[in-house]
Each structure stands twice: as C-alpha cells, then as structure tokens.
Amino acid sequence: MKYLFALLLSCSLLLSAPALADGKEPILIKFSHVVAEDTPKGRGALLFQRLVAERLGGAVKVEVYPNSTLFGDADEMAALQRGEVQMLAPSVSKFEAYTKQLQVFDLPFLFDDLAAVKRFQRRDKSRELLRSMAANNIYGLAFWNNGMKQLSATRELRAPGDAKGLAFRIQSSSVLEAQFAALGAEAKRIPFGESLKALQDGIVQGTENAWSNMTASGFDRAQPFITETNHGSLNYMLISSSSFWQSIPYATRSELEAIVEEVTAQVNRDAEELNRKGREQLLGAGNARLVTLGKEERAAWRAAMQPLWQQYEAEIGADVLRAAQTVNRR
Ligand code: SIN
C-alpha cells in the first residue's frame, strides 16, 4: 500500500511538473515593480504569479518584488537588459530613452477618461507601440492601466497660475516637464520610491499621480491639497526582454501570453474601482483637502496645457496622435 501511494504520488508530480520531469529547473521570472501591492499594478503582478503557479507550476516560477525592493525606476531597465529581472511594468512615461511615440500617453487633457484610454489601447496604432522598442530588446506584452492623474501641492491649486513658482515631482518624461513649465512651475525627475521623502523634505512642493498611488504611498502626509484635474492618465506597459521571452519554449510562452491577457483584463477592470476606493480612503483620512474644479476652471487648465499636443506632434508621430484624438466621446 505504502509503495502504491509513493508510486501514485510520483506519477502525479511528474504530470504536474513537466519542467522538473526532465531534470530542468523551472524558468524563473522575477517581476519587479515600484508600487505597493494594493494598487492595480501590484495586484496584477500577484494575480499573474498565482495563475502561473496554478497552470504552469513546476515549469515556470514567478517571484514578485513590489515597492522598489529589487530595482527602482533608475535601474530596472538596465537590470532587464542584464537578465537580472525578467518582467517589469513601468509607467509608459518612463520609456522616452527608447521611443518618443509613447509620449502620446503623457499629453495633458488628450484623453477624457480611462475608457477613452482603453479604446485607444485597442486600436492597431496602439498595438504597434508594443513593438516600438524592439531594437532595444524590449518586448511589450500588454498595456495595464492605473487611473486618471490628479495634482497635489502644499497650497491650493485652483487656477493654472497657482502652480507658478512651485517645484513638482515628475516621472522621467519631457512632456511632463513641459507640462509644468507651461504653468510657470519647475519639474524634478524623481524615482517613484523617493517621491514621498522628496515631498516631506520640501525638495518639491507638489506632484501628480493617480489616487491609488497617492493613497498607497501616503502622499497626503505631505500634500494638504489635492486638485481633481483628471488631466492625464497613468498607464503601464508590461514588458520583458525580447531575448528572454523568445527563449521560452513555444507551448509555455503561449500559455504565459494567455495568462497575461487574462490578467490584463482583470487589472484594467479593477483600476477604476481601486482608484475610487483610494480617493475615498485618502479624503476620509482628513489630511488633505479636495479642490474640485468648475467647468470653466478646468477649461483654464486645459487651455494652459493643450499647446503641448502640437509641440510634441512631430516626435510622437502625427498618425499616433490622430489615432488618440479620435477616441473621446465628445
Ligand atoms: C507607478 O505607478 O509605477 C509609479 C508611477 C510614478 O512614478 O509616478
């Protein structure tokens, strides 16, 4: 009986662990990111890990490193190239060293809401952007979304002129730099993991982000005013290196890509809900005051920032910009 049990156990292990069956170690995917686990990206990484364990356990193992614990904004792309990490989901704002086309996502007031961003991401022009960094060994697997961005500061920002003279923490993006320059403000490129400290130390007096990130990172500890501008969106590209991804055996890669598709749908379904909850939680804590804009006040912010569309058209590509301009339901 004991031998029969041992035989059955080893047979079931052989069936459920194809990679180990031929003596190979499972393929290891280290997935590093810079935000908290209870954010759209954080949850997406954990869901990917769970589904891979359920469906490819033994053949592929996923390790998730949140909160810049393995690599941060400054070094994660180099780590991907060196093969020290196999998956990342940087904000699309952080790719400008590799392609200018993704700057389309940074243009302020281009997309009315997250639904418009999602419509753009389904267009062929957008799907082509996943391959726009192939020459740099970067393989785009999917777009993941967070939410619309809001402005926060140490003083009330109601009119564009209120930002004048303040320094804002930004992601590493020329468009975002130009966005704050258009307001007469300064912009400082600071890795996400260092943002709260920069705000607390007064190196910058303001920033922009999605509600979910502001809440999960406790930005309200240093930002007493949040203006609900919805002026841009925070989006990610889930990436691997082409060399790593294409080295995965075809059947396993196909299964991984099916999992990516499923997780992407879930992340993008959850994003609005997580941002709604993040907003509620942050405002409920009472540290920050919400500044809501009337129609004309918001139009003034839009008018101040919209000249960037033309300024960046040549770099982004008129075709990409045009495709993005057709997705709003106005
Ligand atoms: C992230 O959500 O990955 C961080 C975005 C940022 O740097 O503001």
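Asker: Quick question: what am I supposed to make of the overall build of the protein chain here?
Answerer: Counting secondary structure elements, the protein chain contains 14 helices and 9 strands. A compact globule built from 330 residues should have a C-alpha radius of gyration of about 20 Å, and the protein chain, at 22 Å, falls within 12% of that. Across its three principal directions, the C-alpha atoms of the protein chain cover 80 × 45 × 35 Å. A total of 330 residues make up the protein chain; the buried ones form 53% of that total. Of all intrachain contacts in the protein chain linking residues separated by at least 6 positions in sequence, the fraction that spans at least 24 positions is 76%. Split by element, the accessible area of the protein chain, about 14600 Å² in all, is 52% carbon and sulfur. Of the charged side chains in the protein chain, 39 are positive and 38 negative, and the gap between their average positions amounts to 2 Å.

Asker: How should I be thinking about the packing of aromatic side chains in this particular structure?
Answerer: The geometry of an aromatic ring pair comes down to the distance between the two centres and the angle between the two planes. Counting across every chain of the model gives 9 aromatic pairs. Ring centres of Phe111 and Phe120 lie 5.6 Å apart, and the angle between their planes is 40 degrees; this geometry places the pair in the tilted category. Note on accessibility: Phe111 and Phe120 belong to one class, buried. An aromatic cluster is built from Phe105, Phe111, Phe120 and Phe143, whose rings are joined through pairwise contacts. Across from the ring centre of Tyr139, 4.3 Å away, lies the NZ or CZ of Arg131, which sits over that ring.

Asker: When you look at the site of the ligand in this model, what are you seeing that I'm missing?
Answerer: The environment of the ligand is formed by Val34, Val35, Lys41, Lys94, Arg169, Gln171, Phe192, Asn209, Asn213, Leu234 and Tyr236. In the environment of the ligand, an oxygen atom lies 2.7 Å from a nitrogen or oxygen atom belonging to the side chain of Lys94. Between Arg169 and the ligand, the recorded distance is 2.7 Å, taken from a side-chain N or O atom to an oxygen atom. For the ligand, whose accessible area on its own is 260 Å², the fraction buried by protein is 100%. Taken together, the residues of the shell around the ligand break down into 5 nonpolar, 3 polar and 3 charged.

Asker: Sorry if this is basic, but what is going on with the pattern of salt bridges here?
Answerer: Here the idea is simple: oppositely charged side chains can pair when their charged atoms come close. Tallying each qualifying case throughout the model produces 20 salt bridges. The closest approach of N and O atoms between Asp73 and Lys94, which form a salt bridge, is 2.8 Å. Of this pair, Asp73 sits in the loop between strand E2 (60-65) and helix H4 (76-81) while Lys94 sits in the loop between strand E3 (87-88) and helix H5 (114-122), and the two are 21 residues apart along the sequence. Note on Lys94: relative accessible area 19%, which makes it buried. Across the pair Glu273 and Lys277 runs a salt bridge, and its minimum N-O distance is 3.5 Å. Taken together, the residues span about one helical turn, with Glu273 and Lys277 both in helix H11 (residues 250-285) at a distance of 4 residues. A relative accessible area of 34% places Glu273 in the partly exposed class. Note on Lys277: relative accessible area 43%, which makes it partly exposed. Each of Glu156, Arg158, Arg289 and Glu297 takes part in salt bridges that share partners, so that together they form one network.

Asker: Whenever I open this one, the environment of Ile316 confuses me. Can you help?
Answerer: On the secondary structure map, Ile316 appears in helix H13 (residues 307-316). As for Ile316 and Ala153, which are separated by 163 residues in sequence, their C-alpha atoms are 30 Å apart. Excluding residues that lie within four positions of it along the chain, Ile316 makes contacts with Lys100, Gln101, Gln103, Val104, Leu107 and Leu321.

Asker: What should I look at first to understand the packing of helix H7 (residues 174-181) against H13 in this one?
Answerer: In helix packing, the relevant descriptors are the interaxial angle and the interaxial distance, both defined with respect to the helix axes. It is at 11 Å that the axes of H7 and H13 come closest, and there the two elements cross at 150 degrees. Taken together, the axis directions place H7 and H13 in an arrangement best described as roughly antiparallel. Where H7 crosses over H13, the handedness of that crossing is right-handed. Mapping the contact onto sequence places Ser174, Val175, Ala178 and Gln179 in H7 and Leu308, Gln311 and Tyr312 in H13.

Asker: Teacher, can you tell me more about the confidence of the model for the protein chain here?
Answerer: If pLDDT is low for a region, its predicted coordinates should not be looked at in detail. In the predicted model, the protein chain carries a mean pLDDT of 94, and the fraction of residues at 70 or more is 93%. Of the regions scoring below 50 in pLDDT, residues 1-21 engages in 14 contacts with residues more than four places distant in sequence or in other chains.

Conventions and cut-offs
- Sequence positions are assigned chain by chain, starting from 1 and proceeding in written order.
- Owing to the predicted nature of the model, reporting of local features is limited to residues with pLDDT of at least 70; listing and counting of side-chain atom pairs is limited to 80 or more, with chain, interface and lining totals taken over all residues.
- Calculation of side-chain values draws on the structure's entire complement of heavy atoms; hydrogens and water are dropped beforehand.
- Segments assigned H or I by DSSP are reported as helices when at least four residues long, segments assigned E as strands when at least two residues long, and all are numbered from the N terminus.
- Only C-alpha atoms enter the radius of gyration, while the globule expectation follows 2.2 Å times N to the 0.38, with N the number of residues.
- Partly exposed residues are those whose accessible area sits between 20% and 50% of the maximum for their type, while under 20% is buried and over 50% is exposed, using a 1.4 Å probe and protein chains only.
- Residues count as neighbours in contact if any of their non-hydrogen atoms are within 4.5 Å of one another.
- Each accessible area is a Shrake-Rupley result for a 1.4 Å probe, and residues are judged covered by the shown protein chains and nothing else.
- By the counting scheme adopted, Arg and Lys are positive, Glu and Asp are negative, and His together with the chain ends is not counted.
- Taken as the charge centre is NZ of Lys, CZ of Arg, CG of Asp or CD of Glu, depending on the residue.
- Side-chain rings of Phe, Tyr and Trp, where Trp is taken by its six-membered ring, are said to pair if the distance between their centres is within 6.5 Å; with planes under 30 degrees apart they count as stacked, over 60 as edge-to-face, and otherwise as tilted.
- Look at NZ for Lys and CZ for Arg. If either is within 6 Å of the ring centre and within 35 degrees of the ring normal, a charge sits over the ring.
- What makes a residue near a molecule or strand is one non-hydrogen atom of that residue sitting within 4 Å of it.
- N or O atoms closer than or at 3.5 Å make up a polar contact, with two conditions inside protein: a donor-capable atom paired with an acceptor-capable one, and, for residues adjacent in sequence, both atoms drawn from side chains.
- Under the scheme applied here, ten amino acids are nonpolar (Ala, Val, Leu, Ile, Met, Phe, Trp, Tyr, Cys and Pro), four are charged (Asp, Glu, Lys and Arg), and all others, including Gly, are polar.
- Salt bridge, as used here, is a side-chain nitrogen of Lys or Arg placed within 4 Å of a carboxyl oxygen of Asp or Glu.
- A fitted line through C-alpha atoms represents every axis, and for helices the fit uses only the stretch in contact; the resulting angles, taken between N-to-C directions, go from 0 to 180 degrees.
- Orientation labels follow simple angle bins: below 35 degrees gives roughly parallel, above 145 gives roughly antiparallel, 65 to 115 gives roughly perpendicular, and whatever is left gives oblique.
- A clockwise turn of the near helix away from the far one marks a right-handed crossing, whereas an anticlockwise turn of less than a right angle marks a left-handed crossing.
- In predicted models, pLDDT denotes the confidence assigned by the predictor to each residue on a 0 to 100 scale.

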